[in-house]
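Here is what each chain is made of, one letter per residue.
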Amino acid sequence: MVKLTLIARVTDGLPLAEGLDDGRDVPDADFYKQQVKALFKNLSMRHNEASRMSIETGPYIFHYIIEGHVCYLTMCDRSYPKKLAFQYLEDLKNEFERVNGSQIETAARPYAFIKFDTFIQKTKKLYQDTRTQRNISKLNDELYEVHQIMTRNVQEVLGVGEKLDQVSQMSSRLTSESRIYADKAKDLNRQALIRKWAPVAIVLGVVTLFFWVKTKIW
């Protein structure tokens, strides 16, 4: 069965819509939603450029398609037919592009198209029961094949992003530390100059004050 459905913009990972009633029968639904957000982040950083992919996670599988800078993702039971999952996503993609296509690039806030949930819920109901005549016909439809779509493990996919994040964090930390050391070096140089020239300045000041007082007295 279809468990979760989320739509996001690939360029920056901004979530655009999701199934509001999704995940109620999924233990640890928040955990899987966090994985989805991590996947969207990876996609926005071009860690994964496949336009179609299935990703195994626990007892479920994420299926996604990317079209027009938008990622359409669903999480299904492992036993749910891969072909139906991708046809479900195709239906969502076609309607989302038709209704919201001109506004996708300009959307500035998360879940700007949350009203699309109505179509998500309606479409999900059509795909829930794999034994309906409609879905059996879709399974037998040879026009849409999914054999070439890669299947990977979520740890493998997210691990790439985690390693790159670690490198990025290390680079940021080194940059920050370099700035700290540079500031400390400037302070030390400043203190050295003060120690070097302070006595001279004091002597000059005393001499100047002596001549000024002498001038006033005479």
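Worth saying up front: this structure is predicted, and the values here are computed from it rather than measured.

Draft legend 1. Layout of the overall build of the protein. When helices and strands are counted, the protein shows five helices and six strands. Along the protein, from the amino end to the carboxyl end, the secondary structure elements read β-β-α-β-β-β-α-α-α-β-α. Going through the 218 residues of the protein one by one, you find that 37% of them count as buried. Counting only contacts in the protein whose residues sit at least 6 apart along the sequence, the fraction spanning at least 24 positions is 66%. As presented, the protein carries roughly 13600 Å² of accessible surface, and 57% of it is formed by carbon and sulfur atoms.

Draft legend 2. Just the packing of aromatic side chains, in detail. Under the definition given, this model contains seven aromatic pairs. Ring geometry for Phe-31 and Tyr-32: centres 5.2 Å apart, planes at 70°, overall edge-to-face. A relative accessible area of 47% means that Phe-31 is categorised as partly exposed. According to the relative accessible area criterion, Tyr-32 is buried, its value standing at 9%. Look at Tyr-32 and Tyr-60: their rings are 5.2 Å apart centre to centre, the planes differ by 85°, and that puts the pair in the edge-to-face class. Remark: Tyr-60 occurs in strand β4 (residues 60-67) and Tyr-32 occurs in helix α1 (residues 29-44); sequence separation between them is 28 residues.

Draft legend 3. The environment of Thr-130, seen in detail. Within the element layout of this structure, Thr-130 appears in the loop between α3 (117-128) and α4 (133-140). The partly exposed category is assigned to Thr-130, whose relative accessible area is 26%. It is 8.0 Å that separates the C-alpha atoms of Thr-130 and Pro-81, two residues lying 49 residues apart in sequence. Those residues in contact with Thr-130, other than ones at most four positions away along the chain, are Tyr-80, Pro-81, Leu-84, Asn-135, Ile-136 and Leu-139.

Draft legend 4. Broad picture of a nonpolar patch on the surface. On the surface, Leu-193, Trp-197, Val-200 and Leu-204 cluster together into a nonpolar patch covering about 410 Å² of accessible area. Locating Trp-197 in the fold gives a position in helix α5 (residues 154-217). Under the relative-accessibility criterion, Trp-197 is labelled partly exposed at 48%.

Draft legend 5. Summary view of the sheet that holds strand β1 (residues 2-9). Across the sheet, six strands lie side by side as β2-β1-β5-β4-β3-β6; this open sheet has mixed pairing. One side of each edge strand has no neighbouring strand; the edge strands of this open sheet are β2 (15-18) and β6 (150-153). Taking the axes of each pair of neighbouring strands and ignoring which way they run, one obtains an average angle of 20° across the sheet. Pairing of β1 with β2 involves three bridges; the strand directions are antiparallel.

Draft legend 6. Main features of the side chain of Lys-3. Here Lys-3 lies in strand β1. Only 2.9 Å separates the side chain of Lys-3 from the side chain of Asp-25, close enough to count as a polar contact. Apart from the residues lying within four places of it in its own chain, the contact partners of Lys-3 are Asp-22, Gly-23, Asp-25, Val-26, Tyr-60, Met-75, Cys-76 and Asp-77.

Draft legend 7. Quick peek at the pattern of salt bridges. Throughout the structure, instances matching the rule amount to twelve salt bridges. One salt bridge in this structure joins Asp-77 and Lys-3, with 4.0 Å as the shortest N-O distance. Taken together, the residues Asp-77 in strand β5 (residues 70-77) and Lys-3 in strand β1 connect sequence positions 74 residues apart. Like Asp-77, the residue Lys-3 is buried in the burial classification.

About the criteria used
- Residues numbered from 1 in each chain as written.
- Predicted model: local features only at pLDDT ≥ 70, side-chain atom pairs only at ≥ 80, totals over all residues.
- Heavy atoms only, no water.
- Helix = DSSP H or I, 4+ residues; strand = E, 2+ residues; numbered from the N terminus.
- Buried < 20%, exposed > 50% of the residue type's maximum accessible area, 1.4 Å probe, protein only.
- Contact = heavy atoms within 4.5 Å.
- Areas by Shrake-Rupley, 256 points an atom, 1.4 Å probe, with all protein chains shown as cover.
- Phe/Tyr/Trp six-rings, centres within 6.5 Å; stacked < 30°, edge-to-face > 60°.
- Patch = residues over 30% accessible without salt bridge, like charges linked within 9 Å, V, L, I, M, F, W, Y side chains within 5 Å.
- Salt bridge = Lys/Arg side-chain N within 4 Å of Asp/Glu carboxyl O.
- Pairing = 2+ DSSP bridges.
- Axes fitted to C-alpha atoms, helices over the stretch in contact; angles between N-to-C directions.
- Polar contact = N/O pair within 3.5 Å; in protein donor to acceptor, adjacent residues only side chain to side chain.

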